[in-house]
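If you want the building blocks of each chain, they are given just below.
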Amino acid sequence: MRLFLTVISLLICCCAALAQQPQKYHKVLELMGSRFEISAFDADAQKAWDGINAAITEISRIERLISSWDPNSQTSLINRNAGIKPIKVDNELFQLIQRAVQISRITDGAFDISYASMDRIWKFDGSMKEMPDAEIVKEARSKIGFRNIQLNPAKLEVYLKVKGMKIGFGAIGKGYAAQKAKEKMSALGIKSGVVNAAGDLIAWGKDIDGESFKVGIADPRKKNHVLSWLKVNNTSVVTSGDYERYVLFDNVRYAHIIDPRTGYPTTGIKSVTIVSANPELADALSTSVFVLGIEKGLYLINQLQGVECLVITDNDEIVTSKHLEINNKS
Ligand code: AMP
Ligand code: MG
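An account of the accompanying structure is given in this report. (Residues numbered from 1 in each chain as written. Chains lettered and ligands numbered in written order. Predicted model: local features only at pLDDT ≥ 70, side-chain atom pairs only at ≥ 80, totals over all residues. Heavy atoms only, no water.)

**Structural notes on the packing of helix α4 (residues 91–106) against helix α7 (residues 279–303)**
Here is step 1: Packing of α4 against α7 leaves a shortest axis separation of 11 Å and a crossing angle of 10 degrees. One way to sum up the angle between α4 and α7 is to call them roughly parallel. Here Leu96, Arg99, Ile103 and Ile106 of α4 come into contact with α7, specifically with Glu280, Leu281, Ala284, Ser288 and Leu300.
Here is step 2: Within the contact of α4 with α7, the residues separate by chemical class into six nonpolar, one polar and two charged. (Axes fitted to C-alpha atoms, helices over the stretch in contact; angles between N-to-C directions. Helix = DSSP H or I, 4+ residues; strand = E, 2+ residues; numbered from the N terminus. Parallel < 35°, antiparallel > 145°, perpendicular 65-115°, else oblique. Contact = heavy atoms within 4.5 Å. Nonpolar A, V, L, I, M, F, W, Y, C, P; charged D, E, K, R; others polar.)

Written out as structure tokens, the structure is:
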């Protein structure tokens, strides 16, 4: 009888211990026009789902604020009033624009949210059959220029000085949303999680096996083939690739990233991955390195503390910044 009771109590202990083991809870859904995957690793299912739902609510809120497709967003209001009048916005949007302009300064204009006047000319959804007319490109290019984004911090007003100018957060918004989603989940006590916004990823804490998360960098031409692995903890890994959206003219592949100096899409790089604690910065810099090219891009990244980079060139050469540690095994 005593043996029986001991076995029962051992079983109960084991079950209790198992219930304490973190499990992976996750949801895949479309937000901000992209595939988001939100994961929480926790022993408490209710807490995990509360965290995931809070992240979804937060990302949707940010989308309503920054979307340039939604006519009701503050961003669209700014765009509609380009060359007409300044628009008062929420502090959050004002700060985001201010940070975006700072990134334009450090990248010498390679990153520029006012690239968006080009949205009407370059379409990367397969509908373009020929190169746009050079004059049309020139005209739209003349609307790009972060120096014409006038910011009034006292009044929280944003004014685009040139008529026809337009801003868009395609290169920074997903990183920003990933960071804010992580903050919401952490505030609810989720100690380990991953927010993956179509390849813009932030991971914190540990995987269910107690090890650091590992992120694979995909081969740009064979998506399911991992070229190298990065160990991440409280780190974001963000990739810009020419394989997501592009056009082909005369066998030259043009990525969906516009060089603000020329008004033409960039060529020559297959993918840029940035590793940094801050996903918003990583997002903006991955786009910037595409525009700057390998030499200038790596020069910039090597100056920035806590930021690393891996570039895959058109010739499949892999070039990394000074301190990036990568592993070819999973
Ligand atoms: P990403 O995938 O983060 O590199 O972002 C690419 C997206 O950023 C594009 O689809 C555009 O919406 C936007 N974009 C394109 N060129 C630029 C640029 N030079 N500066 C800022 N945003 C850009
Ligand atoms: Mg980006």
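Continuing now.
**Side note on the coordination of the magnesium ion (ligand 2)**
Here is step 1: The coordination sphere of the magnesium ion (ligand 2), as far as protein atoms go, consists of Ala171 (O), Asp283 (O), Asp283 (OD) and Thr287 (OG1), spread over 2.1 to 2.8 Å.
Here is step 2: For the magnesium ion (ligand 2), the single-chain donor residues occur in sequence as A-x111-D-x3-T. Remark: Thr287 and Asp283 occur in helix α7; sequence separation between them is four residues, near one turn of the helix.
Here is step 3: Classification of Asp283 by relative accessible area gives buried; the value is 3%.
Here is step 4: What makes Thr287 buried here is its relative accessible area of 11%. (Donors = N, O, S within 2.8 Å, 3.2 Å for Na, K, Ca; no water. Buried < 20%, exposed > 50% of the residue type's maximum accessible area, 1.4 Å probe, protein only.)

**Notes on α4**
Here is step 1: Along its 16 residues, α4 runs 23 Å from first to last C-alpha, staying within 8% of the 22 Å computed at 1.5 Å per residue.
Here is step 2: By the burial criterion, the buried members of α4 are Glu92, Leu93, Phe94, Leu96, Ile97, Ala100, Val101, Ile103 and Ser104.
Here is step 3: Turning to α4, the residues buried within the fold contact α2 (45–66), α3 (74–80), β4 (149–152), β5 (157–160), α6 (173–187) and α7.
Here is step 4: Positive phi appears at Asp108, one or two residues downstream of α4, with a value of about 55 degrees. (Expected span 1.5 Å × (residues − 1).)

**Let's talk about the site of ligand 1**
Here is step 1: In the vicinity of ligand 1 there are 14 residues, among which Tyr115, Ser240, Ile258, Asp283 and Thr287 approach most closely.
Here is step 2: Gly170 has a polar backbone atom sitting 3.4 Å from an oxygen atom of ligand 1.
Here is step 3: When grouped by side-chain class, the residues that make up the shell around ligand 1 number seven nonpolar, four polar and three charged. (Near = heavy atom within 4 Å. Polar contact = N/O pair within 3.5 Å; in protein donor to acceptor, adjacent residues only side chain to side chain.)

**A closer look at the environment of Ile97**
Here is step 1: Mapped onto the elements of the fold, Ile97 is located in helix α4.
Here is step 2: Classification of Ile97 as buried rests on a relative accessible area of 0%.
Here is step 3: Remark: the alpha-carbon pair of Ile97 and Ile167, spanning 70 residues in sequence, is separated by 9.3 Å.
Here is step 4: Not counting residues up to four positions away in its chain, the partners in contact with Ile97 are Ile78, Ile113, Ile149, Leu151, Val158, Ile167 and Phe169.

**Observations concerning the sheet that holds β5**
Hydrogen bonds between backbone atoms are what pair the strands of a sheet, whose relative direction is either parallel or antiparallel.
Here is step 1: Read across the open sheet, the three strands follow the order β3-β5-β4; overall the sheet is antiparallel. Here the strands that pair on one side only, and so sit at the sheet edges, are β3 (87–88) and β4.
Here is step 2: With four bridges connecting them, β4 and β5 associate as antiparallel partners. Its bridge partner lying in β5, Leu151 is registered against Val158.
Here is step 3: Across the sheet, α4 touches β4 and β5, and the angle it forms with β4 is around 130 degrees. (Pairing = 2+ DSSP bridges.)

**Examining the pairing of strand β2 (residues 34–42)**
Here is step 1: Most of β2 sits out of view: eight of its nine residues are buried.
Here is step 2: Two elements, strand β1 (residues 23–31) and β2, share nine bridges in a ladder whose sense is antiparallel. Opposite Val28, over in β2, you have Glu37 as the bridge partner.
Here is step 3: Counting the residues in the hairpin turn of β1 and β2 gives two residues, including Met32, whose phi is positive at 50 degrees.
Here is step 4: When β2 meets strand β6 (residues 193–197), the two strands line up antiparallel, connected through five bridges. The partner of Glu37 across the bridge, within β6, is Asn196.

**Quick notes on the sheet that holds strand β7 (residues 200–204)**
Here is step 1: Taken in spatial order, the eight strands line up as β1-β2-β6-β7-β10-β13-β14-β15 in an open sheet, and their pairing is antiparallel. Single-partner strands in this sheet number two, and they are β1 and β15 (318–320). Direction aside, the axes of adjacent strands within the sheet are offset by 10 degrees on average.
Here is step 2: With three bridges connecting them, strand β14 (residues 308–313) and β15 associate as antiparallel partners. When the sheet's bridge partners are listed, Leu310 is paired in β15 with Thr320.
Here is step 3: Contacts from α2 reach β1 and β2, with the element oriented near 20 degrees to β1.
Here is step 4: Packed onto the sheet, α6 meets β2, β6 and β7 and runs at close to 25 degrees relative to β7.

These results come straight from atomic positions and should not be treated as a statement about function.
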